Amino acid sequence: MDIKEILPYIKNHDSGKVKIAITDIDGILRGKYISTEKFISIIDADTSFCDVIFGWDAADAAYDNVSYTGWHTGYPDAAARLDLSSFRKIPWENGVPFFLGELILKENTPHVCPRQLLKKVLAAAESAGYLPSFSQEFEWYNFEETPQSIHEKQFRNLRPITPGMFGYSILRSSLRNPFITDLFALLTQFDIPIEGLHTETGPGTYEAAIKYSGILEAGDRAVLFKTAVKEIAYKHGIMATFMAKVNESLPGCGGHVHQSLWDPEKKKNLFYDEEDPMKMSGIMKHYLAGQMLLIPQLLPMFAPTINSYKRLVEGAWAPTTLTWGIDNRTVALRVLNGSQTSCRLETRVIGADTNPYLAMAAALAAGLYGIKNKLELKQAAVSGNGYLDHSNGRLPSTLNEATKLMKQSFAAREILGEGFVDHFICTREWEWRQHLKPVTDWELKRYFEII
């Protein structure tokens, strides 16, 4: 829809308001309502948003180590712009108009806005003659709780919406059919088309695959999916969580990203080669080699939290080694080469807790780096258990280790920009420092009486 079609809807909506949001560094939507009158006044101009959204963490604690903003700048308003092409109607809010926005960068200001970073990497792909087609799939846990109840329980003994391990269950999806039906219908109405939705192995666990699209739209859909699922869950007395690992004895939650490159007319999948024994084109092999090289150096963008690394353990459906294979779910990079239309790469390192804009930007940038430098795919495809193949090394096992690798990476700075890398590294160093402070239940149980 163009603005001429959007405006009458907004002017005639009986709510008198528009909802807008910007995605912060952790992938959290930070937004507000503005009046219809205010919205109309900024259509052809810019608006503003407090730059603190890139100066604090997920818990609203102000960073003490970033230069972009802080007490030293006074947390001023930053120029912001709404993307009118992101227009949606929120079906669970009586069709309230919604738009995504992003901060406008001033000269010599670091690129801190995730959506703008993705647009920057997309522009590099397009200038090289490639049209990226992406999609993300998510696994998540659902509990019969409210924000109030989980705090009262101190996050212990939470009740999943269904018990037991029952992946691909027809019974469980029937048991919670009103919730399943709402998810499928309302997400579709919110312009997040779902290709598949099913229970995963784990109590109250679901998985959904979002339909593929251009990479910017794919990023928008993935960011909005996580918040939309949480809001729809609220309607049913349910809390949805996209933590990478909710319990050490249960599988973690993946946020796998599927990707391919097409010609500018989107007529030819540039990853597919009918003549190749593995049906992989030279472009795809270079792209894959780029990710094989750079995943360890970009891992904080795929696994951004302390909790992320508790998912990346052996035998838990998440990779631990730097491996690839054909339709193999034990490796970091899974190639699906079935046909010209479906040939793609699945980056399985990525968790559900990631910021989709950053995960997609890093995946594409690493792939383009491989193509640009004609990197050879020297490692053979894993045909068995990827957990046992250490020939190309293991993934970093903590956020601290991964952040240090990214900080030292010249390639990360080349493909993502100095300003973004410096800011992002500081936010991950802050995250690591925060987790070192609390005395945990594990420590009390282990040391209180015995030591």
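Worth saying up front: this structure is predicted, and the values here are computed from it rather than measured. Here the residue numbers are simple positions, counted from 1 along each chain's written sequence. Reporting of local features is limited, given that this is a predicted model, to residues whose pLDDT is at least 70; pairs of side-chain atoms are given and counted only at 80 or more, and all residues count toward the totals for whole chains, interfaces and linings. With hydrogens and water stripped out, all remaining heavy atoms of the structure feed into the side-chain values.

Asker: Any chance you could explain the nonpolar core here in plain terms?
Answerer: The tendency in soluble globular proteins is for nonpolar side chains to be buried side by side. Core analysis: the largest hydrophobic core is formed by 115 residues, its most contacted members being Trp 140, Phe 225, Leu 298, Phe 302 and Leu 416. Put simply, DSSP H or I for four residues or longer makes a helix, DSSP E for two residues or longer makes a strand, and each gets a number counted from the N terminus. Sorting elements by how many residues they give to this core places helix 10 (residues 356–372) first, with 13 residues. The contact criterion used is simple: two residues touch if any of their non-hydrogen atoms lie within 4.5 Å. Ignoring any residue separated from it by four or fewer positions in sequence, one finds Leu 416 in contact with Leu 117, Lys 120, Val 121, Leu 298, Met 301, Ala 365, Met 406 and Val 421. If you look at the next biggest cluster of nonpolar residues, it comprises twelve residues, including Ile 10, Val 18, Ile 42 and Phe 87. Working definition of a nonpolar core: buried Ala, Val, Leu, Ile, Met, Phe, Trp, Tyr and Cys residues. They are joined through side-chain atoms within 4.5 Å. Burial classes follow relative accessibility: with a 1.4 Å probe on protein chains only, a residue under 20% of its type's maximum area counts as buried, one over 50% as exposed, and anything between as partly exposed.

Asker: What should I look at first to understand the packing of aromatic side chains in this one?
Answerer: Where two aromatic rings form a pair, the distance of their centres and the angle of their planes describe that pair. Here a Phe, Tyr or Trp ring, Trp counted by its six-membered ring, pairs with any other such ring whose centre lies within 6.5 Å, and the pair is stacked when the planes are under 30 degrees apart, edge-to-face when over 60, and tilted otherwise. Scanning all chains against the criterion turns up 18 aromatic pairs. On the numbers, 5.3 Å between centres and 10° between planes, the contact of Phe 138 with Phe 225 is stacked. You can see Phe 138 sitting in strand 6 (residues 131–143) and its partner Phe 225 sitting in helix 7 (residues 215–235), a full 87 residues away along the chain. Taken individually, Phe 138 and Phe 225 each receive the classification buried, so the pair is uniform in this respect. For the ring pair Phe 138 and Phe 242, a centre distance of 5.8 Å and an interplane angle of 85° mean the geometry is edge-to-face. You can see Phe 138 sitting in strand 6 and its partner Phe 242 sitting in the loop between strand 10 (239–241) and strand 11 (257–262), a full 104 residues away along the chain.

Asker: Sorry, what's going on with helix 7 here?
Answerer: Since the α-helix packs 3.6 residues into each turn, any two residues three or four apart lie on the same face. To estimate how far a helix should reach, multiply one less than its number of residues by 1.5 Å. Between the first and last C-alpha of helix 7 there are 30 Å, a value that for 21 residues agrees with the 30 Å anticipated at 1.5 Å per step. At Phe 225, helix 7 shows its maximal kink, close to 30°. With 15 of 21 residues buried, helix 7 lies mostly within the body of the structure. Remark: Gly 237 follows helix 7 within two positions and exhibits a positive phi of approximately 70°. Note that bend, as reported per residue, equals the angle between axes fitted to the 7 residues terminating at that residue and the 7 residues originating from it.

Asker: How do you make sense of the sheet that holds strand 3 (residues 47–50) when you look at a structure like this?
Answerer: Within a beta sheet, neighbouring strands are joined by backbone hydrogen bonds and run either parallel or antiparallel to one another. When DSSP locates at least two bridges between a pair of strands, those strands are taken to pair. Taken in spatial order, the five strands of this open sheet run 2-1-5-4-3, and their pairing is mixed. The open sheet has two edge strands, strand 2 (29–35) and strand 3, and neither has a second partner. Recorded for the sheet is a direction-independent mean angle of 40° between the axes of neighbouring strands. Fitted lines through C-alpha atoms give the axes, limited to the stretch in contact for helices. The angle between two N-to-C directions lies from 0 to 180 degrees.

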